[in-house]
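Architecture at a glance
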Amino acid sequence: MKTKKYKNKLYISVSFCLLLSLVACKQRDDYPVFEQKEPVVTVPEVIPPDNEIGPLVKKIMDKTDIISIFKLDSTTTLANGIKRTHVRYVNKLDQAMSMQILEVDLSKSNLGVTALSPFDDYLFTVQTMGDMAKYNEGRAGGKIIAAINGDVVTSSAPTGSFIFRSRQLKTATTTATSNTRPFLGVKKDGSVFIGNKPSASSSMDAYNLNDLASLVSGGTWLLYKGAFVTSSVATVQANTAVGLNGDKNYLYSVVVDGGTNAFSVGITYDDLGKIMKSIGASDAFVTNGGTASVMVQRIENDGQTGVLSWKVVNRPVVAIGGSSANGIGFVLK
């Protein structure tokens, strides 16, 4: 009898354990199924139709094959004599493109150009363009309306020559090789010119560094005395260019975005040279490219912070743009 009771208890225990194991093995209804991922939906960008082509874009379309399909352009007057035009288009390879064109009327006596230095200091370091404009505002001689990135950075210093507030922080223009690096110079009387030459065999207009209040160098020539300077580099990337017309009374700066197939893939030096020539430049060069290509615009009363700031108006791969060793500011005196 004791044996039978023991067997019954053993049977009940085993049955109960089996029942618990079955309950424990039941899948929870709320347990996530990782194999069933939500599909990623890419919403295509909708560009509103623009049936009116502005004068700068019309020049580019009439004189080059750069723009295959025009999407839109919008022009903003930043100050009397300073205009910024944003252009969206499709290039000849059926790729999306975006660029900013800054046009500065240097014949107006209340407009000027100045070199910018990180933290408004004479030491070599780097800073984003929005912050650089902010720090330089106090001694710029007026309001910095817009600014672009400067020279290629080498070990936190500009690669080429650099003169800031008449102080020669770096001079690399004493040899035949360094004389081929282009620069934008501003004399102490305020006149602006592009200096040096594209090759050792080219003629060069004389200049005296002691006469300059500002000098910002670049890396690659695009135009020299109205002629194209062909490049062997075919890299497609974001680029910043600056140029002057033949009379040196109009300055043009173009920032082309790159690195994003859906928005703007970038541009080669030769195609950028075509754009600069078509809008009126006679001499032009690239300051720097890639993530460093940035254009900022003065915002008197930022809607988010309520204070003075300089907004990045192009779309660099890095939201606020890469840091630069110097920059070029456009000033309303």
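Presented here is a report on the structure given in the accompanying data block. (Residues numbered from 1 in each chain as written. Predicted model: local features only at pLDDT ≥ 70, side-chain atom pairs only at ≥ 80, totals over all residues. Heavy atoms only, no water.)

Quick notes on the overall build of the chain
Of the regular secondary structure elements, the chain holds four helices and 20 strands. At a minimum sequence separation of 6, the contacts of the chain that also span at least 24 residues come to 66%. Of the roughly 17400 Å² of accessible surface on the chain, a fraction of 54% belongs to carbon and sulfur atoms. (Helix = DSSP H or I, 4+ residues; strand = E, 2+ residues; numbered from the N terminus. Contact = heavy atoms within 4.5 Å. Areas by Shrake-Rupley, 256 points an atom, 1.4 Å probe, with all protein chains shown as cover.)

Considerations on the sheet that holds strand β14 (residues 227-228)
Strands sit in the order β1-β2-β3-β16-β15-β17-β13-β14 across an open sheet of eight strands; the sheet is antiparallel. The open sheet terminates on both sides in strands that have one partner only, identified here as β1 (69-79) and β14. The pairing of β1 with strand β2 (residues 82-90) spans nine bridges and is classified as antiparallel. Its bridge partner lying in β2, T77 is registered against K83. Against the sheet, helix α4 (residues 269-279) engages β2, β3 (96-105), β13 (220-224), β14, β15 (239-244), β16 (250-256) and β17 (283-289), with an angle of about 35° to β13. (Pairing = 2+ DSSP bridges. Axes fitted to C-alpha atoms, helices over the stretch in contact; angles between N-to-C directions.)

Details of the pairing of strand β10 (residues 183-187)
With four of five residues buried, β10 lies mostly within the body of the structure. As paired strands, β10 and strand β11 (residues 192-195) are joined by four bridges and run antiparallel to one another. Opposite L184, over in β11, you have I194 as the bridge partner. Pairing between β10 and strand β12 (residues 212-217): five bridges, direction antiparallel. (Buried < 20%, exposed > 50% of the residue type's maximum accessible area, 1.4 Å probe, protein only.)

Regarding the sheet that holds β10
Pairing is antiparallel in the open sheet, where five strands are placed in the order β9-β8-β12-β10-β11. In this open sheet, the two edge strands, each paired with only one partner strand, are β9 (167-170) and β11. Geometrically, the sheet is characterised by an average inter-axis angle of 30° between neighbouring strands, direction not taken into account. As paired elements, strand β8 (residues 162-164) and β12 share two bridges and run antiparallel to each other. Paired with F162 across the two strands is V216, which belongs to β12.

Here's the deal with the pattern of salt bridges
The full count for this structure, using the stated rule, is twelve salt bridges. For D65, the salt bridge is made with K92, and the minimal N-O distance between the two is 3.7 Å. Of the two residues, D65 sits in the loop between α2 (55-63) and β1 while K92 sits in the loop between β2 and β3, which places them 27 residues apart along the sequence. Classification of D65 by relative accessible area gives partly exposed; the value is 42%. For E300, the salt bridge goes to R298, with nearest N and O atoms at 2.8 Å. Through salt bridges with shared partners, one network takes in D65, K92, D271 and K274. (Salt bridge = Lys/Arg side-chain N within 4 Å of Asp/Glu carboxyl O.)

Description of the packing of aromatic side chains
On inspection of all chains with the given rule, the structure shows eight aromatic pairs. Within the aromatic cluster, the residues linked to one another by ring pairs are Y122, F162 and F164. Lying across the ring of F193, K187 places its NZ or CZ 5.5 Å from the centre. (Phe/Tyr/Trp six-rings, centres within 6.5 Å; stacked < 30°, edge-to-face > 60°. Lys NZ or Arg CZ within 6 Å of the ring centre and 35° of its normal.)

Some words on the packing of α2 against α4
Where α2 contacts α4, the two axes come as close as 8 Å, and the packing angle between them is 120°. Relative to α4, α2 is oriented oblique. The element α2 and its partner α4 pack so that their crossing is right-handed. Contact residues: α2 offers L56, K59, I60 and K63, while α4 offers I275, S278 and I279. (Parallel < 35°, antiparallel > 145°, perpendicular 65-115°, else oblique. Left-handed = near helix turned anticlockwise from the far one by under 90°.)

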